[in-house]
Amino acid sequence: MEKKNIDWGNLSFAYQPIDYRYIATWKDGVWSEGTMSDDPTVQMNECAGVLHYCQEVFEGLKAYTTKDGSIVTFRPDLNAKRMADSARRLEMPVFPEERFLEALDAFVRANAAWVPPYGSGATLYVRPYMYASGPMVAVKPAPEFTFRMIGMPVGPYFKGGAKPITIRVCDYDRAAPRGTGNIKAGLNYAMSMHAQMEAHREGFDENMYLDPETRSFVEETGGANFLFVTKDGELVTPASDSILPSVTRRSLTYVAEKYLGLKVTQRKVAVSELADFAECGVCGTAAVICPVGKVVDHGKEICFPAGMEKPGPITQKLYDTLTGIQMGDIEAPEGWIRKIV
Ligand code: PLP
Ligand code: COI
């Protein structure tokens, strides 16, 4: 299979249509057989539920080319399960987890020419999503849903690549207590756009959201979970019921403990203790691990001693080990890599 003629090393995190997308629809309690389409447009009724009440959930994962030329995905079973959890929370039908994995295999196989080559620094970002495509105007679940899986080759999520980013403590909340912060639904991102653009206008790369109940503990950014490293080299991740359970963060805590021998703790992290940490980073499928050099809390600057110019030593080790596992250079824990081609 010949790869597409693309400047793989200079891709940003941006949409471009690729050859095929997978589509299945749900009606009367039954999912249709999936099909592969070459049409990137969507046509739907003017009263489709997604257009009025945001009944939509999505996922994000990547396909990688390994050194031996295989194409693999990373822990897609966790994305399948999280999408099912998100769907249940929004009263949407569940796309069966086994079918999600089969659709992913077929989708990546069909688009193999778009999976960036090993060593290029790029990956194929896969975006499965499901939305209320049937019409309704009363507030209730729609009569029809569509599941689609699209994808695009991408480079780094943040413009500077591995250059540390600057974050502000945000006065808006991303999630309500006992709300939908722990699922991957478009509605969480729509409400973060204003805060995101305001942060950019003020010169920040991202927002640090605080817990909506007391506004004293760290939650996450608009699209990634936080990681902190103490001065003693312990990895700390914020515990909260209103953040997204990141696949990357759950993988990194395992890698930190089992591969790097670090102590790992998940606990509430107070904003007041930020200055005590040696390193800070954000992690997610799109972000991978991006170092945070500085957090600004209403004018007060908190600079992390390691990581102002380049990633701190533990952030770098975590990045190297995780990407090594994803690209097949380091042996993965059982069940983490799904070989497709
Ligand atoms: N938090 C939010 C709000 C996200 O959108 C994402 C991206 O998926 C993450 C965290 C990271 O999750 P994952 O590592 O599963 O991609
Ligand atoms: C991902 O990392 O997969 C996401 O969905 C985050 C999004 C902000 C691009």
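Just above, that's the structure.
In this numbering scheme, every chain counts its residues from 1 along its sequence in written order. Each chain gets a letter, beginning with A, and each ligand a number, beginning with 1, in the order they are written. Under the rules for a predicted model, residues below a pLDDT of 70 receive no local features and side-chain atom pairs below 80 are neither given nor counted, while totals for whole chains, interfaces and linings still include all residues. Water and hydrogen atoms were dropped before computing side-chain values, which therefore reflect all heavy atoms in the structure.

Trainee: Just give me the short version of a negative patch on the surface, but keep the residues and values in it.
Mentor: Exposure above 30% relative accessible area and the lack of any salt bridge qualify a residue for a patch; like charges then connect within 9 Å, and the nonpolar side chains Val, Leu, Ile, Met, Phe, Trp and Tyr within 5 Å. Accessible areas in this description were obtained via Shrake-Rupley with a 1.4 Å probe; residue shielding takes into account the shown protein chains only. We count a salt bridge whenever a side-chain nitrogen from Lys or Arg sits within 4 Å of a carboxyl oxygen from Asp or Glu. The charge count includes Lys and Arg as positive and Asp and Glu as negative, but it does not include His or the ends of the chains. Lysine's charge is taken at NZ, arginine's at CZ, aspartate's at CG and glutamate's at CD. A cluster of acidic residues, Asp-77, Glu-97, Glu-98 and Glu-102, forms a negative patch at the surface. Its relative accessible area of 33% is what places Glu-97 among the partly exposed residues. Burial here depends on accessible area, computed with a 1.4 Å probe over protein chains only, as a share of the maximum for the residue type. Under 20% is buried, over 50% is exposed, and the range in between is partly exposed.

Trainee: I'd love a proper account of the site of ligand 2, names of residues and values included.
Mentor: If you check the shell around ligand 2, you find Phe-13, Phe-58, Gly-60, Tyr-125, Arg-127, Tyr-157, Lys-184, Gly-223, Thr-285 and Ala-286 and nothing else. The separation between an oxygen atom of ligand 2 and a polar side-chain atom of Tyr-125 is 2.5 Å. Within the side chain of Lys-184, one N or O atom sits 2.7 Å away from an oxygen atom of ligand 2. Contact with the protein chains hides 89% of the accessible area of ligand 2, taken as 280 Å² for the molecule alone. When residues are sorted by character, Ala, Val, Leu, Ile, Met, Phe, Trp, Tyr, Cys and Pro go into the nonpolar class, Asp, Glu, Lys and Arg into the charged class, and all the rest, Gly among them, into the polar class. Considered class by class, the residues forming the shell around ligand 2 number five nonpolar, three polar and two charged. For each residue, the test is whether any non-hydrogen atom lies within 4 Å of the molecule or strand; if one does, the residue is near. Here a polar contact means two N or O atoms within 3.5 Å. Within protein one must be a hydrogen donor candidate and the other an acceptor candidate, and residues neighboring in sequence count only if both atoms are side-chain atoms.

Trainee: Can you lay out the pairing of strand β15 (residues 288-297) for me, pointing to particular residues and giving the numbers?
Mentor: Starting at the N terminus, helices and strands are each numbered in turn, a helix being any DSSP run of H or I of at least four residues and a strand any DSSP run of E of at least two. Where burial is concerned, most of β15 is hidden: nine out of the 10 residues are buried. For strand β9 (residues 165-169) and β15, the ladder comprises four bridges, and the chain directions are parallel. Note that in β15 the partner of Ile-165 across the bridge is Val-292. DSSP calls a pair of strands paired once it identifies at least 2 bridges connecting them. Looking at chain direction, strand β14 (residues 277-284) and β15 are connected through four bridges and run antiparallel. Bridge assignment links Gly-284 to a residue of β15, and that residue is Val-288. Sheet analysis places β15 next to strand β16 (residues 300-303), joined by four bridges and oriented antiparallel. From the neighbouring strand, Val-296 faces β16, where its bridge partner is Glu-301. With antiparallel pairing between neighbouring strands as the criterion, β15 and β16 make up a hairpin whose turn holds two residues, including His-298 at a positive phi of roughly 50°.

Trainee: Report on the pattern of salt bridges, specifying residues and quantitative values.
Mentor: Counted according to the given criterion, the structure contains 14 salt bridges. Measuring nitrogen to oxygen at the nearest pair gives 2.9 Å for the salt bridge that ties Glu-273 to Arg-267. Here the salt bridges do not stand alone but share partners, grouping Lys-81, Asp-85 and Arg-88 into one network.

Trainee: So what about the packing of helix α6 (residues 247-258) against helix α7 (residues 313-326)? Which residues, and what values?
Mentor: Packed helix pairs are characterised by how far apart their axes lie and by the angle those axes make with each other. At their nearest, the axes of α6 and α7 sit 10 Å apart, and the two run at 110° to each other. In this view, α6 runs roughly perpendicular relative to α7, as classed from their interaxial angle. Residue-level contacts link Thr-248, Ser-251, Leu-252, Val-255 and Ala-256 of α6 to Leu-318, Thr-321, Leu-322 and Ile-325 of α7. Counted by class, the contact of α6 with α7 contains six nonpolar, three polar and no charged residues. Only the contacting stretch of a helix is used when fitting its axis, a line to C-alpha atoms as for every element, and angles between N-to-C directions run 0 to 180 degrees. Note on angle classes: values under 35 degrees are labelled roughly parallel, values over 145 roughly antiparallel, values of 65 to 115 roughly perpendicular, and the remainder oblique. Whether two residues are in contact is decided by their heavy atoms: any pair within 4.5 Å suffices.

Trainee: So what about the site of ligand 1? Which residues, and what values?
Mentor: Lining the immediate surroundings of ligand 1 are 16 residues, of which Tyr-189, Glu-220, Ser-246, Thr-248 and Thr-285 lie closest. Between ligand 1 and Lys-184, the relevant distance is 2.8 Å, taken from an oxygen atom to a side-chain nitrogen or oxygen of the residue. Here an oxygen atom of ligand 1 and a backbone polar atom of Val-247 are 2.8 Å apart. Within the complex, 97% of the 390 Å² of free accessible area of ligand 1 lies under protein. Breaking the shell around ligand 1 down by element, the ones donating at least two residues are α6 and β14. Its residues placed into classes, the shell around ligand 1 shows five nonpolar, seven polar and four charged.

Trainee: Describe unusual backbone geometry, listing the residues and the values that go with them.
Mentor: Positive phi is not limited to glycine here, since Cys-54 has a value of about 60°. You can see Cys-54 is positioned in the loop between α1 (49-53) and β4 (56-58). Overall, Cys-54 belongs to the partly exposed group, its relative accessible area being 34%. Even without glycine at this site, Glu-91 takes up a positive phi of about 55°. Among the structural elements, Glu-91 can be located in the loop between α2 (76-89) and α3 (97-110).

Trainee: An account of α6 is needed here, citing residue identities and associated values.
Mentor: Compared with an ideal rise of 1.5 Å per residue, which puts 12 residues at 16 Å, α6 spans 16 Å between its outermost C-alpha atoms and is within 8% of the ideal. Residues Val-247, Thr-248, Arg-249, Ser-251, Leu-252, Thr-253, Val-255 and Ala-256 constitute the buried set of α6. Multiplying 1.5 Å by the helix residue count minus one yields the expected span of that helix.

Trainee: Describe the side chain of Arg-82, naming the residues involved and giving the relevant values.
Mentor: If you trace the backbone, Arg-82 turns up in helix α2. You can call Arg-82 buried: its relative accessible area is 7%. Within the local environment of Arg-82, its side chain forms a polar contact with the backbone oxygen of Pro-245, the two atoms lying 3.0 Å apart. Excluding residues within four positions of it along the chain, Arg-82 makes contact with Glu-59, Lys-184, Leu-244, Pro-245, Ser-246, Val-247 and Arg-250.

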